[in-house]
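Architecture and fold: a report
Each chain, letter by letter, is given below.
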Amino acid sequence: MGSAIRTCPLCEATCGLEITTQDDEVVRVRGDAHDVFSHGFLCPKGVSLKQLHEDPDRLRAPLLKQPDGSFAPATWDEAFAVIAEHLPAVMEAGGRDAVAVYLGNPAAHTMAPVLYGRVLLKALATKNIFSASTVDQYPKQMASALMFGSGSSVPVPDLDRTDHLLILGANPLASNGSLMTAPDVRGRLAGIQARGGKIVVVDPRRTRTARMADEHVFIRPGTDALLLFAIVHVLFDEGLTADGAADGAGALSLCDGIDTVRALALDFPPEATAAATGVAADVVRRMARELAAAPTAAVYGRIGTTTQRFGTTASWLVDVINALTGNLDRPGGAMFTAPAAGSPTTRGAPGRGRGARFGRWGSRVRGLGEVFGELPVAVLAEEIETPGEGQVRALITIAGNPVLSTPNSERLTAALSELDFMVSVDIYVNETTWHADVILPPPSSLERSHYDLALYGFAVRNVANYSPPVFPRPDGMPDEWETLLRLVGVATGQGPDADVGAIDDFVALEAVRREVADEHSPLAGLVAEEVLASLAPRVGPERLLDLMLRSGPYELTLADLEAAPHGVDLGALEPRLPGALRTASGRAELAPPEIVADVERLHAVLEERVNGQIVLVGRRDLRSNNSWMHNLPILVKGPERCTLHVHPRDAARVGLQDGATARVTSRAGSVEIVAEVTEDVMPGVVSIPHGWGHDVAGARMDVARANAGVNANVLTDENAVEPLSGTAILNGIPVELSAAL
Ligand SMILES: Nc1nc2c(c(=O)[nH]1)N[C@H]1C(S)=C(S)[C@@H](COP(=O)(O)OP(=O)(O)OC[C@H]3O[C@@H](n4cnc5c(=O)[nH]c(N)nc54)[C@H](O)[C@@H]3O)O[C@H]1N2
Ligand SMILES: Nc1nc2c(c(=O)[nH]1)N[C@H]1C(S)=C(S)[C@@H](COP(=O)(O)OP(=O)(O)OC[C@H]3O[C@@H](n4cnc5c(=O)[nH]c(N)nc54)[C@H](O)[C@@H]3O)O[C@H]1N2
Ligand code: SF4
Ligand SMILES: [Mo]
């Protein structure tokens, strides 16, 4: 028997796993007790990597759509011949924008798409770039970019040292943390309480995290910005803001715009926000006082605060409060990670940059602005449906399942069936990929190396951990980066047999050139060709990772990480301002004009009353991972999880019994779903988890089909987007509720 140590690639927690193997089989998966970050913690999904690896439905060879609509296995050359026949034709007939790309969530968890996805996007030169980020975290990254200068400058709560944690719209006991890379969140939260600290959770549902917290506050969905503004109001009103000149005030002295924030907050006293938020004024005043009085405190918001109607504004206010209470950039507060492989906060001149610009171009049909170089995925269906120049006629999905993940699934499903050509790089034939003409599978995660390039940028400690593949790739199976570069070959007119190694050499040389030209890089002024030669014989992601580590803040090498299979601990987070700033002013902007302009919209909400309207929110379960892990029996066994949570009062009002079938209808669609009557959700709010609805005829996931559930995104509305970032509003959807006949 053998044993391998590797990082779990499934969620943001980056747990170390110890995988016992026998020849080419996984015998057992356990937590790696020696992992410098996770110390042996793992969740049921980590264990299921064995089943994922063995899943008979997981694709091991390319599939080609047949004239009768079925799929047949093909060789890689056959698959690429079909792509080379159709993709350039679409580009020729309709222009570069005729090809759209959608990058899904696992693309942020694997090195190949993180490093080579952008090469493909550049090669395609299309405006129609979409990703799961506009159904997820872009509001937070947009607020962070406007305040601190880059989408990577997202402050993370210093979980291990804070004395007071205010969590809004996140359930890390189920999600294992997000934009907060922290294995064993439960243990870290227990640590806060053991230190005598306090945890407060603001959520329309009484979640596992809320139960563990010292206080849980129900909030009417979509009103967090009001609550947060009321807290800001009290901080000023009661003289509770930190003294920026004093020691221990974090980065407050580096902040501009404090007076603007003070003036804006005047309109939002807690007495004025209470009716709309459902949070009583005295509770808000106490929340503010406790935040200010705690030796250290951090405010943290996630999905419930981003994928809602005030996502960017709420995300901004989270860090406004962190700054005003003196907790921005100080131990125990909200801090900036310094990732070993570098990030925009570590590269280039410290303390100042170009800042962030948004809306440099817009979507063709609805005119929604670009955000971080992408268009909001809520416009994908209309861009396919609407004729005219720039109409999307082909789609490439990479590790994405937009049919289950993006708003108004029925419209998107219909649109996908109208495409001239579709390619999916994916491990399953699922609700999205069955529309594809060609499916290109990556190797199993255990047949790939791993380094969490994206997630280590938001870690609550500075850590680095590289895992080599556990098993060799099967004969003839290319790595995912090779597949992506082969697509680059087709997109750039080099054809299906382009020399992938040569393209990779070119990509690496360009990366080295950028590095040696940066006067602030440790590699500044070196000869590019010599640096490249020093990275040999590595190729692919390993070569790029080695370069990034060498030029990163700790000047590590990949060999250093290979010598430390349990990871390298680079210490607790350290204050990084002003160095990590990349704003044009060189200051932290507490009142970015783009966001200030959105405050007007909040005033109208003050007048809203809980009026009998029922709104829908989502939820996550520990044994799910968005839409794609429901094919593993070990994770889906047990009672039905895709149920409607509804408060007894609302259930009684519409005559709905526990266990009976409810009908839920929105502007976009309607579903029937088993009701679970529970006081864990507040009156006026119902909850359905997303990522279900697997009873789609063309999909080939037998276990998932037998545990189908319903698709919550049939109900979410593609026309409802948060105006600043174009991110879909997935929480707080107005719905009608009735008992199904
Ligand atoms: N209503 C509602 N909708 C939501 C959310 C919500 O809270 N409520 N959450 C949103 C969020 S936060 C997100 S991130 C999105 C997720 O949206 P998506 O990223 O579109 O969806 P996933 O379910 O993550 O699908 C991942 C896809 O990648 C494939 N896959 C898995 N592993 C690999 C791999 O290693 N390589 C490749 N190439 N493919 C792989 C899977 O088979 C699947 O097709 O959903 C969003 N949608
Ligand atoms: N087990 C598991 N882990 C996951 C995932 C998964 O699907 N399953 N997905 C991964 C992904 S892609 C992401 S982005 C993260 C997400 O990580 P989290 O944000 O922690 O995810 P959720 O558990 O959906 O928590 C969101 C909470 O917001 C609440 N909420 C809804 N609307 C509002 C509102 O208007 N205001 C407030 N204050 N709260 C509201 C919901 O009730 C819910 O409890 O999780 C990641 N980890
Ligand atoms: S918490 Fe996340 S990283 Fe850790 S084992 Fe579970 S899925 Fe994997
Ligand atoms: Mo996500």
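To be clear, the structure that these remarks concern was listed above.
Below you will find a few notes about this structure. From a predicted model like this one, the values you see are computed outputs, not experimental measurements.

Regarding the packing of aromatic side chains
Applying the stated rule across the entire model yields 7 aromatic pairs. Look at F229 and F268: their rings are 4.6 Å apart centre to centre, the planes differ by 10°, and that puts the pair in the stacked class. Remark: F268 occurs in the loop between α10 (258-265) and α11 (270-277) and F229 occurs in helix α9 (residues 224-237); sequence separation between them is 39 residues. Across the pair, F268 and F229 agree in class, each one buried. Centre to centre, the rings of F229 and W316 are 5.8 Å apart; their planes meet at 80°, and the pair counts as edge-to-face. Pair noted here: F229 is in helix α9 and W316 is in helix α14 (residues 311-324), with a separation of 87 residues, a long-range link. The same class applies to F229 as to W316, namely buried. An aromatic cluster is built from Y138, F358 and F372, whose rings are joined through pairwise contacts.

A look at the packing of helix α19 (residues 500-517) against helix α20 (residues 528-535)
Contact pair α19 / α20: the axes reach a minimum separation of 9 Å and the direction vectors enclose 125°. Between α19 and α20, the interaxial angle falls into the category oblique. For the pair α19 and α20, the sense of crossing is right-handed. Only A528, E529, V531, L532 and L535 of α20 make contact with α19, whose side of the interface consists of A508, L509, V512, R513 and V516. Here the residues of the contact of α19 with α20 are counted per class, giving 8 nonpolar, no polar and 2 charged.

Describing the sheet that holds strand β3 (residues 25-31)
The strand order β1-β2-β3 describes an open sheet built from 3 strands, whose pairing is antiparallel. Across the chains shown, the open sheet's two edge strands, defined by having one partner strand only, are β1 (2-7) and β3. On average, each strand axis in the sheet is inclined to that of its neighbour by 25°, with strand direction left out of account.

Considerations on the pairing of strand β15 (residues 394-398)
Counting buried positions along β15 gives 5 out of 5 residues, so the element sits mostly inside the fold. Side chains A394, I396 and I398 project from β15 onto one buried face, and the interleaved L395 and T397 project onto a second face that is buried too. Judged from the 5 bridges that link them, strand β6 (residues 99-103) and β15 form a sheet pairing that is parallel. Its bridge partner being in β15, V101 is matched across the sheet by I396. Pairing geometry for β15 and strand β16 (residues 421-425), over 5 bridges, is parallel. Considered in β16, the bridge of L395 is made with M422.

Examining the pattern of salt bridges
Using the criterion set out here, one finds 46 salt bridges in the structure. Of the charged contacts in the structure, one is a salt bridge between R285 and E238, with a shortest N-O distance of 2.9 Å. One end of the pair, R285, is in helix α12 (residues 281-293); the other, E238, is in the loop between α9 and β12 (255-256), with 47 residues separating them in the sequence.

Quick word on the site of ligand 2
What surrounds ligand 2 is a group of 32 residues, the closest being S175, D203, D224, D621 and N626. In the environment of ligand 2, an oxygen atom lies 2.8 Å from a nitrogen or oxygen atom belonging to the backbone of G222. For ligand 2, a nitrogen atom lies 2.6 Å from a polar atom in the side chain of D224. Taking 910 Å² as the accessible area of ligand 2 by itself, protein coverage stands at 98%. Those elements that provide at least two residues to the shell around ligand 2 are α6 (172-175) and α13 (303-306). Sorting elements by how many residues they give to the shell around ligand 2 places α6 first, with 3 residues. Of the residues that constitute the shell around ligand 2, the class distribution is 10 nonpolar, 14 polar and 8 charged.

Structural notes on α19
When the terminal C-alpha atoms of α19 are compared, their 26 Å separation across 18 residues agrees well with the 26 Å that a helix rising 1.5 Å per residue should span. Considered for burial, the residues of α19 that qualify are V500, I503, D504, V507, A508, L509, A511, V512, E515 and V516. Packed against the buried residues of α19 are α4 (111-124), α18 (480-491), α20 and α21 (540-550). Capping the start of α19, D499 holds a side-chain oxygen 3.1 Å from the backbone nitrogen of G501, two or three residues further along.

What about the environment of G495?
Looking at where G495 falls in the secondary structure, it is placed in the loop between α18 and α19. Taking the C-alpha atoms as reference points, G495 and E85, separated by 410 residues in sequence, lie 9.3 Å from one another. Discounting residues that sit within four places of it in the chain, G495 has contacts with G489 and V490.

Observations concerning the side chain of S467
Counting through the fold element by element, S467 comes out in the loop between β18 (461-464) and α18. Residue classification places S467 among the buried positions, given a relative accessible area of 1%. Among the polar contacts listed, one links the side chain of S467 to the backbone nitrogen of T7, at a separation of 2.9 Å. Excluding residues within four positions of it along the chain, S467 makes contact with I5, R6, T7, S449 and H450.

Points about the sheet that holds strand β26 (residues 733-739)
Spatially, 6 strands are ordered β21-β25-β22-β24-β23-β26 in a closed barrel, and the strand pairing comes out mixed. Taking the axes of each pair of neighbouring strands and ignoring which way they run, one obtains an average angle of 45° across the sheet.

What counts and what doesn't
- Residues numbered from 1 in each chain as written.
- Chains lettered and ligands numbered in written order.
- Predicted model: local features only at pLDDT ≥ 70, side-chain atom pairs only at ≥ 80, totals over all residues.
- Heavy atoms only, no water.
- Phe/Tyr/Trp six-rings, centres within 6.5 Å; stacked < 30°, edge-to-face > 60°.
- Helix = DSSP H or I, 4+ residues; strand = E, 2+ residues; numbered from the N terminus.
- Buried < 20%, exposed > 50% of the residue type's maximum accessible area, 1.4 Å probe, protein only.
- Axes fitted to C-alpha atoms, helices over the stretch in contact; angles between N-to-C directions.
- Parallel < 35°, antiparallel > 145°, perpendicular 65-115°, else oblique.
- Left-handed = near helix turned anticlockwise from the far one by under 90°.
- Contact = heavy atoms within 4.5 Å.
- Nonpolar A, V, L, I, M, F, W, Y, C, P; charged D, E, K, R; others polar.
- Pairing = 2+ DSSP bridges.
- Salt bridge = Lys/Arg side-chain N within 4 Å of Asp/Glu carboxyl O.
- Near = heavy atom within 4 Å.
- Polar contact = N/O pair within 3.5 Å; in protein donor to acceptor, adjacent residues only side chain to side chain.
- Areas by Shrake-Rupley, 256 points an atom, 1.4 Å probe, with all protein chains shown as cover.
- Expected span 1.5 Å × (residues − 1).

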